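# An overview of the molecular structure
Listed below, chain by chain, are the residues.
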Amino acid sequence: MSATAIAPSETGAAARPRHGTAQDVTVTDPAMVKRAVKAAALGNAMEWFDFGVYSYIAVTLGKVFFPSGNPTAQLLSTFGAFAAAFLIRPLGGMVFGPLGDRVGRQKVLALTMIMMAAGTFAIGLIPSYATIGVWAPIMLLLARLVQGFSTGGEYAGASTFIAEYAPDKKRGFLGSWLEFGTLAGYIGGAGLVTLMTALLSSDDLLSWGWRIPFLIAGPMGLIGLYLRMKLEETPAFAAELEKAHKNEQTRAKVRLRDMVTGQWKALLLCMGLVLVFNVTDYMLLSYMPSYLTSELKYDETHGLLVILAVMALMMCVQPFAGALTDRVGRRPVIAAGCAGFFLLSVPALLLIREGSLWAIALGLGALGLLLVCFTASMPSTLPALFPTKVRYGSLSIGFNISVSIFGGTTPLVVTALIGATGDKMMPAYYMMAAAVIGGIAVWFMTESARAPLPGSPPAVETEREAMALRRTSSPSGD
């Protein structure tokens, strides 16, 4: 929907359109903003629901799809298919990102939702190796590739969608709900697998029970698709289209090369911020359960439950931390997270290695609260690095390249470093190195809190705010 001009006299609630501009000030509709946040967060939740399910049920999947008789080989094969999704993410970003800048955010996000749901649902329908032989792992790999390809356009699109809908003064708070969805999805997936493991026998879980979590993705995807199809295009993108229409020209297609070479400084900042965000994220939420079990010989079930408790704690803090970024700024919050990981990674890991439940919970809890500095800030920080005409594409490229190279490889690299050096403190050193890179990125980034997105007019919640802003920005004061 194109932005609509509001005359100064049309200040009553009945006269307000769903989105509008008053002298280059965008007036947002609170109901539409809430729907946008829900629709975007649900997609992220579904992505991480699959992540939690796949991680927690990996041993069973190994027996279903890779029955080699060697448990280690089965698990490695299962995680190999899992890792394949990370390898294809940048390709998905290079396709969906530019497409989102050309045809619109809403259409592309609806498409990525369909593909994510279809890929996850398909896993639940694949026959076992015992039924169709080698085609079973091949079909699993194909389903994972579909998931990874669609995920390449999901996070950048969802964060762009919320950022472009949100009023400037609440962008941090509203964006923080995107990562709230991430945590909720992971807890939901992991919790469901844990519950099924407790209720079903090993034979039932192996024969049919493992399919249930994947089949749930079907209804979840339909709900998410319904929510996204009910949305209109973001005001920022609609304004870009209207601008081209007023100039009586077709909106020029932005080349992929321009999204990279034309935005190289912002891309480097994006990759540095995403690096510290994802290295610490995957270290805590993906690698730590394995570290507790394999390196510290801690009970696997207790380790997983502690991680879930830490994620629940992060969910409780997340919206408040997002609101904090609107008040004090994104840079101070991200900088605090980088400083915290640099100074506290070693003490936190020493606590975890102490081995008692309280020490492990305290160490992981400290890392989780530091991670909130990133999860609450990044959804509003990253879209603000790029102008509207290339925002989806450039963010998709920078985000997915950094995630694939640094985030998704974190467990593998840290495991290899421990094996090569014998030093079990490597996770702490790795997080400290990431914090240094993140700190450098924060130093060079511009504060974006309470400011309009690049290439967009100010966004406010009411016509009164719009009129007041217009008066203060007018040279004559009128």
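Structure: see above.
Predicted model only: the values in this text are computed from it and were never measured.

### What about the overall build of the protein chain?
Along the backbone of the protein chain there are 22 helices and four strands. When the 478 residues of the protein chain are sorted by exposure, 55% land in the buried category. Summarising the internal contacts of the protein chain: among those between residues at least 6 apart in sequence, 83% fall at separations of at least 24.

### So, the packing of aromatic side chains
On inspection of all chains with the given rule, the structure shows eleven aromatic pairs. When the centroid spacing of 6.1 Å and the interplanar angle of 90° are considered together, the rings of F173 and W177 count as edge-to-face. A residue pair is termed a helical-turn pair when its members lie 3 or 4 positions apart in one helix, as F173 and W177 do in helix α8 (residues 171-199) at four residues. Members of the aromatic cluster, connected to one another through ring pairs, are W48, Y186 and Y282.

### Looking at helix α16 (residues 330-354)
If you check α16, its first and last C-alpha atoms are 34 Å apart, about what 25 residues at 1.5 Å a residue would give, namely 36 Å. Taking the largest bend as the criterion, α16 deviates by roughly 55°, centred on L344, and proline P347 comes between one and four positions later. Following α16 by one or two positions, G355 adopts a phi angle in the positive range, close to 100°.

### What to know about the packing of helix α1 (residues 30-56) against α8
Axis separation between α1 and α8 bottoms out at 6 Å; the angle between their running directions is 35°. Crossing angle aside, the handedness with which α1 passes α8 is right-handed. Of the residues in the contact of α1 with α8, the class split is 17 nonpolar, nine polar and one charged.

### Brief notes about the side chain of R391
Along the chain, R391 turns up in helix α19 (residues 391-407). For R391, a relative accessible area of 0% translates into the label buried. Sequence-distant contacts of R391, defined by excluding residues within four places in its chain, comprise D101, R105, T160, E164, P383, F386, L453, P454 and S456.

### Considering the packing of α16 against helix α17 (residues 357-375)
One can describe the packing of α16 onto α17 by two numbers: an axis separation of 8 Å at closest approach and a directional angle of 165°. Judged on the interaxial angle alone, α17 and α16 are roughly antiparallel. As for the relative orientation of α16 and α17, their crossing is left-handed in sense. Considered class by class, the residues forming the contact of α16 with α17 number 19 nonpolar, four polar and one charged.

### Quick word on a nonpolar patch on the surface
Taken together, F342, L343, L344, V436, I440, W443 and F444 make up a surface patch of nonpolar side chains, about 790 Å² in accessible area. Considering every element that reaches the nonpolar patch, the biggest residue donor is helix α21 (residues 426-444), with four residues. The residue W443 is located in helix α21 in this model. A residue is classified by how much of its surface remains accessible, and W443, at 66% relative accessible area, is exposed.

Rules of the game
- Along each chain, residue indices are assigned from 1 in the same order as the chain's sequence is written.
- Local features in a predicted model are, by the rule used here, given only for residues with pLDDT of at least 70; side-chain atom pairs are given and counted only at 80 or more, and totals for whole chains, interfaces and linings are based on all residues.
- Working from all heavy atoms in the structure, the side-chain values ignore hydrogens and water.
- Only DSSP runs of H or I covering at least 4 residues are called helices, and only runs of E covering at least 2 are called strands; the numbering of each starts at the N terminus.
- When accessible area is computed with a 1.4 Å probe and restricted to protein chains, residues below 20% of their type maximum are described as buried, those above 50% as exposed, and intermediate ones as partly exposed.
- In what follows, a contact means two residues having at least one pair of non-hydrogen atoms within 4.5 Å.
- Stacked, edge-to-face and tilted labels apply to pairs of Phe, Tyr and Trp rings (six-membered ring for Trp) whose centres lie within 6.5 Å, assigned for plane angles under 30 degrees, over 60, and everything in between, in that order.
- The span you would expect from a helix comes to 1.5 Å times its residue count less one.
- Each residue is assigned a bend, namely the angle between axes fitted to the seven residues that terminate at it and the seven residues that start at it.
- Working convention: axes come from line fits to C-alpha atoms, limited for helices to the stretch in contact. Angles between N-to-C directions cover 0 to 180 degrees.
- Handedness of a crossing follows from how the near helix is turned relative to the far one, being left-handed for an anticlockwise turn of less than a right angle and right-handed for a clockwise one.
- Put simply, Ala, Val, Leu, Ile, Met, Phe, Trp, Tyr, Cys and Pro go in the nonpolar bin, Asp, Glu, Lys and Arg in the charged bin, and everything else, Gly too, in the polar bin.
- Put simply, angles under 35 degrees are roughly parallel, angles over 145 are roughly antiparallel, angles from 65 to 115 are roughly perpendicular, and the rest are oblique.
- In this analysis, a patch consists of residues with relative accessible area above 30% that form no salt bridge, clustered at 9 Å for like charges and at 5 Å for the nonpolar side chains Val, Leu, Ile, Met, Phe, Trp and Tyr.
- Note on areas: Shrake-Rupley with a 1.4 Å probe; residue coverage comes only from the protein chains shown.
- Within this document, salt bridges are pairs made up of a side-chain nitrogen of Lys or Arg and a carboxyl oxygen of Asp or Glu, the two lying within 4 Å of each other.

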